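# Residue-level structural notes
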Amino acid sequence: MDNDIIKSLPHVSSSPHFRSKLTTRREMLDVIIAMIPITIWGAYHFGLYSLLVVIVTAATAVAAEYIYEKLMHLPITIGDLSAIVTGMILSLNMPPSIPIWVPMIGAVFAIVVVKQLYGGLGQNFINPAIAARCFLHISFAGLMNDFSAPAIGFDAVTGATPLAAIRLGTPYSYWDLFIGNTPGTIGEVSVLCLLIGIGYMIARNIITPRVPITYIATFSIFMFIAGGFDFNYLILQLLSGAIIFGACFMANDYVTSPVTHGGQVVYAIFLGLMTGVIRTFAPSAEGVSYAILFGNLLVPIIERYTIPKPFGKRGNKKV
Amino acid sequence: MGLATFRGGVHTYEGKNLSEHCEIRPLEFDGEYVFPMSQGIGAPSKPIVAKGDYVLAGQKIAEPGGFVSAVVNSSVSGTVKAVEPRLTTMGTKTMSVVIESDGKYETVEGIGKERDYTILSKEEIRNIIKEAGIVGMGGAGFPTHVKLAPKNDEAIEYVIANGSECEPMLTNDHRLMLEEPERIIGGVKICLQLFPNAKGIIAIENNKMDAVERINELIKDEPRIQVTTMRTKYPEGGERQLIFAVTGRHINSSMLPADAGCVVDNVATLAAIYDAVAKSTPIMEKAITITGDAMKNPANVRIRLGVSYGRIAEALGGFKEPPAKIICGGPMMGMALWNTDVPVCKNTSALCAFLTDEVTIDPGTHCVRCGRCVDACPIFLVPPLMAKAAERRDTAKFEELNGMECIECGTCSYICPAKRPLTQFFKQMRRDVMTARRAKQAAEAAKKAEAEKKA
């Protein structure tokens, strides 16, 4: 056949032949960028040791992924940056005084047990960082609940987190809670920095506000009722603990949240109720991690019942 | 008034600037012309000429092979060299009539004769369109005479001329609307004659405002025809998206546009209808775009059907460098070619040659379920779950997830950051399901026949 004019054989593949410039790596990078404000606040507020915790945990996560894949003769996927995201989320959930080896164990657990054993990126059914946090919580309860580290610009006499403090009846001012002038885990304290992060992700179209808004709204309604219609109590509940952090960075996790729009709403409502129930009735003041963990397990079922009706099967509406 | 549009879709790189200012220029070729018997949806046509026959330009060389099938006419005069399987743009060999042009373009008597279509009956018009071998020239190649014969002519409320040209790179419809809008408007008028209650709408994306203005100017005095400007978005020209954007009505895979009171035809098809009915000229030529960064001289050309893409590319100066990818059609739904020695058919509208193959740039990752495909799917499907079913070859689950509603537009693959071949998965699954359905139907028919035999 006369193929002279082409000179060399061109590629052949199924359409479409154009691809967008989006990459998984870029999505992950945007999540990392979104976590930088809270990381900086953590370092400023709790001291540079916090920054060390974040960097070492993220590095451990990457190393764990690299070593596992090397040993298993799998393609090396650290370039997609997802291990850094997992490591950062985990470390930002650590108390500032945590011995560095604790999050390092957590990072290895998250990457190897939760992520890689199920097939790596996109295949895990629960969020690796949250699973690792819960694992550490159970294994090192004392260390994980020690918030006595001195913070800059903050009176370190009380070692209780704001949530525990609410129970003890010694709340902080709204302003302190909002900018993050309170004890707590490295990444959760500053609502302001969290909002900057989530704003960035929404602006970059990394996430939709669907899950965080539904989650926080459901949680608010629950706590408003559970708190006896006390507005003050509700604000304190909202501004303290991991609720905002969880709504922005953990509930939204691509892999372990539903892909259907309806499913995302159902999932977020479930998380809001679950968090409220745990905070109100369980002995632990924190509920976000466990609520999301439970939520993750329900994702396949939620998706099954929220498949949208396709175009043209919704009745013939006239405009 | 807001721009007409639909939910979902993507805004791709357009790349139309390469050729949108190039006037359509006629190119003539001597030598071999190939006419495949299958040029779009429907049963293959049956050749009615044999090797050695002398044919004239415009002469019928094949009869429809079924109800949904089209006539094929020769575009040149010359001798039939062979009737044999030839490579087509689909990548397979199809029975074709091969004609060696004598370069004289002698036409069948009567071709080009002006005809007053307003005195023709509906039957006559439909028959002329059928004999002219007109099929949808936008891509699918559905026989137009079938499309124009719905159950009830009175129920058709819209005749939509599809001038959206939402595929990136392509400019042949744009140029046609600018240079020969009278033919398109004439085609719409002929269709309006078939459907007494219909309104003619010429739908154009807002990246072609010059065409909108040009046509608006010409239809000032046509009370039954109007232009609808649509937001530039892919796949705006998809039949279901287009009907929704223009009329707000929904159709699904098991409905025809006529079920929503619509008839949709590409602008090039309407121009062909005008030629056939008003000028007694069957479909012999087509305006196509030859473009892409690998082309020395991107252009819009008018060529006679049956000439090979390679010869057109060569006549335009060839490639700058060997292209990494050559596509027949647009980059979103076109077919990649490994050999340019394939004929231009009625339903193919472009050749795009690229120096880089975007598909191979990034090997991608696993699906991270970011949901961008879910947001972009114009049919509101859930590609990540469908892809999982496809990986397991689970056709039952695929159907449960409404996979058969997929229009294979390529939006999901385009947007996917993990670079997953989603559309490819779905095409394969849809074929599997169709094959299984056909096998089931055949088995049932055989069973029924056997039962009848016994009885």
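These figures come from a predicted structure and were not determined experimentally.

### Thoughts on the overall build of chain A
In terms of regular secondary structure, chain A is built from 14 helices and zero strands. The helix and strand sequence of chain A, counted from the amino end, reads α-α-α-α-α-α-α-α-α-α-α-α-α-α. Each of the 319 residues in chain A was classed as buried or not, and the buried ones make up 55%. Pairs at least 24 apart in sequence give 73% of the contacts found in chain A among residues at least 6 apart. If you sum the accessible surface of chain A, you get close to 13,300 Å²; carbon and sulfur atoms cover 71% of it.

### With respect to the layout of surface pockets
Of the pockets and cavities examined, the second largest pocket occupies roughly 460 Å³. As for the second largest pocket, its lining consists of 20 residues, of which Pro 300 and Glu 303 of chain A together with Arg 369, Leu 385 and Lys 388 of chain B are closest to the centre. The dominant element in the lining of the second largest pocket, judged by the number of residues it contributes, is helix 14 (residues 288-304) of chain A, at five residues. Among the residues making up the lining of the second largest pocket, the classes are represented as eight nonpolar, five polar and seven charged.

### Brief notes about the interface of chain A and chain B
Quoted interface sizes are often the accessible area lost when the parts come together. Residue-level contacts link 55 residues of chain A with 72 residues of chain B. In total, about 5,700 Å² of surface goes out of reach between chain A and chain B, with carbon and sulfur atoms giving 58% of it. When residues of chain A are sorted by the area they lose upon contact with chain B, Phe 18, Arg 19 and Phe 311 of chain A head the list and together hold 18% of the total. The partner of Lys 313 of chain A in a salt bridge is Glu 405 of chain B, with the nearest N and O atoms 3.4 Å apart. Linking chain A with chain B are 25 residue pairs in polar contact (both at pLDDT 80 or more).

### Some points on the sheet that holds strand 14 (residues 299-304) of chain B
Residue and element names in this part refer to chain B. Within the open sheet, the six strands sit side by side as 1-14-13-17-15-16. Their pairing is mixed. The open sheet is flanked by strand 1 (24-26) and strand 16 (335-337), the only strands paired with a single partner. Ignoring which end each strand starts from, the neighbouring axes of this sheet average 30° apart. Against the sheet, helix 3 (residues 172-179) contacts strand 1, strand 13 (285-291) and strand 14, and its axis sits at roughly 90° relative to strand 1.

### Thoughts on a nonpolar patch on the surface
A surface patch of nonpolar side chains, amounting to about 560 Å² of accessible area, comprises Tyr 66, Ile 67, Leu 71, Met 72, Leu 74 and Ile 76 of chain A. Checked against the element boundaries, Met 72 of chain A lands in the loop between helix 2 (48-71) and helix 3 (82-92).

### Some words on the pattern of salt bridges
Residue and element names in this part refer to chain B. In the structure shown here, the tally under the stated rule is 35 salt bridges over all chains. The partner of Arg 304 in a salt bridge is Glu 28, with the nearest N and O atoms 3.3 Å apart. Of this pair, Arg 304 sits in strand 14 while Glu 28 sits in the loop between strand 1 and strand 2 (31-36); the two residues are 276 residues apart in sequence, bridging distant segments of the chain. Using a relative accessible area of 12% as the deciding quantity, one classes Arg 304 as buried. Across the pair Asp 432 and Arg 393 runs a salt bridge, and its minimum N-O distance is 3.3 Å.

### Looking at the sheet that holds strand 3 (residues 46-47) of chain B
Residue and element names in this part refer to chain B. Taken in spatial order, the three strands line up as 3-5-6 in an open sheet, and their pairing is antiparallel. Only two strands of the sheet have a single neighbouring strand rather than two, namely strand 3 and strand 6 (72-73). As paired strands, strand 3 and strand 5 (residues 60-63) are joined by two bridges and run antiparallel to one another. Of the residues in strand 5, the one forming a bridge with Pro 47 is Ala 62.

### Examining helix 9 (residues 191-203) of chain A
Given 3.6 residues per turn, any residue in an α-helix points the same way as the ones three and four places further on. Residue and element names in this part refer to chain A. Its 13 residues give helix 9 an end-to-end C-alpha distance of 18 Å, which sits within 8% of 18 Å, the value for a rise of 1.5 Å per residue. Among all positions in helix 9, only Val 191, Cys 193, Leu 194, Gly 197, Ile 198 and Met 201 are buried. The arc enclosing the buried residues of helix 9, seen along the axis, measures out at 160°, which places them on a common side. Here the buried face of helix 9 lies against helix 1 (24-46), helix 8 (174-179), helix 10 (210-226), helix 11 (231-239) and helix 12 (243-250).

### Remarks on the packing of aromatic side chains
Per the stated rule, a full pass over the model turns up 13 aromatic pairs over all chains. Centre to centre, the rings of Phe 109 of chain A and Phe 135 of chain A are 3.9 Å apart; their planes meet at 5°, and the pair counts as stacked. Of the two residues, Phe 109 of chain A sits in helix 4 (residues 101-115) while Phe 135 of chain A sits in helix 5 (residues 128-139), which places them 26 residues apart along the sequence. Taking the centre distance of 5.0 Å and the plane angle of 85° together, the rings of Tyr 118 of chain A and Phe 125 of chain A count as edge-to-face. With relative accessibility at 46%, the residue Tyr 118 of chain A sits in the partly exposed group. Taken together, the ring pairs in this structure connect Phe 18 of chain A together with Tyr 13 and Phe 354 of chain B into an aromatic cluster. Taking NZ or CZ as reference, Arg 7 of chain B lies 4.1 Å from the ring centre of Phe 380 of chain B, over its face. Across the ring face of Phe 6 of chain B, the terminal group of Lys 233 of chain B is positioned such that the distance to the ring centre comes to 4.5 Å.

### Overview of the side chain of Lys 427 of chain B
As for its placement among the helices and strands, Lys 427 of chain B is situated in helix 14 (residues 422-454). At 2.6 Å, the side chain of Lys 427 of chain B forms a polar contact with the side chain of Ser 15 of chain A. Filtering out sequence-adjacent residues up to four positions away, Lys 427 of chain B remains in contact with Ser 14 and Ser 15 of chain A together with Glu 408 of chain B.

### Some points on the environment of Ser 308 of chain B
Residue and element names in this part refer to chain B. Tracing the backbone through its elements, the reader meets Ser 308 in the loop between strand 14 and helix 8 (309-315). Expressed as a C-alpha distance, the spacing of Ser 308 and Thr 340, which sit 32 residues apart in the sequence, is 7.0 Å. Ignoring sequence-local partners within four residues, the contact set of Ser 308 consists of Thr 340, Asp 341, Val 342 and Pro 343.

### Looking at empty space enclosed by the protein
Applying the stated criterion to the full structure yields eight cavities of 30 Å³ or more. By volume, the largest cavity is sized at about 300 Å³. Where the lining of the largest cavity is concerned, the elements lending two or more residues are helix 1, helix 3, helix 5 and helix 12 of chain A. Of the residues forming the lining of the largest cavity, the biggest block, four residues, is contributed by helix 3 of chain A. Looking at side-chain class alone, the lining of the largest cavity contains 14 nonpolar, six polar and two charged residues. Empty space within the second largest cavity amounts to approximately 200 Å³. Lining the second largest cavity are 18 residues, with Ile 207, Thr 208, Tyr 254 and Gln 264 of chain A together with Cys 370 of chain B sitting closest to its centre. Here the residues of the lining of the second largest cavity sort into seven nonpolar, seven polar and four charged.

### Description of the domain arrangement of chain B
Looking at chain B, the domain boundaries give domain 1 (16-279), domain 2 (303-358) and domain 3 (372-454). Centre-to-centre, using C-alpha coordinates, domain 2 of chain B lies 29 Å away from domain 3 of chain B.

### Observations concerning helix 5 of chain A
Residues and elements named next belong to chain A. In this model, helix 5 (12 residues) spans 16 Å end to end at C-alpha, consistent with the 16 Å of a helix rising 1.5 Å per residue. Turning to helix 5, its buried residues are Pro 128, Ala 129, Ile 130, Ala 131, Ala 132, Arg 133, Cys 134, Leu 136 and His 137. The elements touched by buried residues of helix 5 are helix 3, helix 4, helix 6 (141-144), helix 12 and helix 14. Capping of helix 5 at its N-terminal end is provided by Asn 127; its side-chain oxygen lies 2.9 Å from the backbone amide nitrogen of Ala 129.

Cut-offs applied
- Along each chain, residues carry numbers from 1 onward, in the same order as the chain's sequence is written.
- By the order in which they are written, chains take letters starting at A while ligands take numbers starting at 1.
- Side-chain atom pairs in this predicted model are given and counted only at pLDDT of 80 or more, local residue features only at pLDDT of at least 70, and totals for whole chains, interfaces and linings cover all residues.
- Note that water and hydrogens are dropped before the side-chain values are worked out from all heavy atoms of the structure.
- Numbering of helices and strands runs from the N terminus, with a helix taken as a DSSP run of H or I at least four residues long and a strand as a DSSP run of E at least two residues long.
- Between buried and exposed lies partly exposed: a residue is buried under 20% and exposed over 50% of the maximum accessible area for its type, with that area taken using a 1.4 Å probe on protein chains only.
- Residues are treated as being in contact if the distance between any of their heavy atoms lies within 4.5 Å.
- Where accessible areas are quoted, they stem from the Shrake-Rupley method and a 1.4 Å probe; at the residue level, only the protein chains shown are allowed to cover.
- Buriedness of a pocket was judged along seven lines, with at least five required to meet protein on both sides within 12 Å; pockets are open sets of points on a 1 Å grid over the protein atoms alone, cavities are sets where a 1.4 Å probe fits but cannot get out, and lining residues have an atom within 4 Å of a point.
- Grid points are joined across faces, edges and corners, and a volume is the space filled by probe spheres set on the points.
- Each residue receives one of three labels: charged for Asp, Glu, Lys and Arg, nonpolar for Ala, Val, Leu, Ile, Met, Phe, Trp, Tyr, Cys and Pro, and polar for the others, Gly being one of them.
- The term buried area refers to how much accessible surface (probe radius 1.4 Å) is lost by two components on association, counted for both of them together.
- What makes a salt bridge here is a side-chain nitrogen of Lys or Arg within 4 Å of a carboxyl oxygen of Asp or Glu, nothing more.
- Two N or O atoms count as a polar contact when they lie within 3.5 Å, although within protein this holds only if one can serve as hydrogen donor and the other as acceptor, and sequence-adjacent residues are included solely when both atoms are side-chain atoms.
- At least two bridges found by DSSP between two strands is the condition for calling them paired.
- To obtain an axis, a line is fitted to C-alpha atoms, over the contacting stretch when the element is a helix, and the angle between two such axes runs from 0 to 180 degrees between their N-to-C directions.
- Exposure above 30% relative accessible area and the lack of any salt bridge qualify a residue for a patch; like charges then connect within 9 Å, and the nonpolar side chains Val, Leu, Ile, Met, Phe, Trp and Tyr within 5 Å.
- Here, expected helix span is obtained from the residue count minus one, scaled by 1.5 Å.
- Working note: the arc is built from the helix axis to C-beta atom directions.
- Here a Phe, Tyr or Trp ring, Trp counted by its six-membered ring, pairs with any other such ring whose centre lies within 6.5 Å, and the pair is stacked when the planes are under 30 degrees apart, edge-to-face when over 60, and tilted otherwise.
- Note on geometry: a ring has a charge over it if NZ (lysine) or CZ (arginine) is within 6 Å of the ring centre and within 35 degrees of the ring normal.
- Note that the domain bounds were set by an automatic or database domain assignment.

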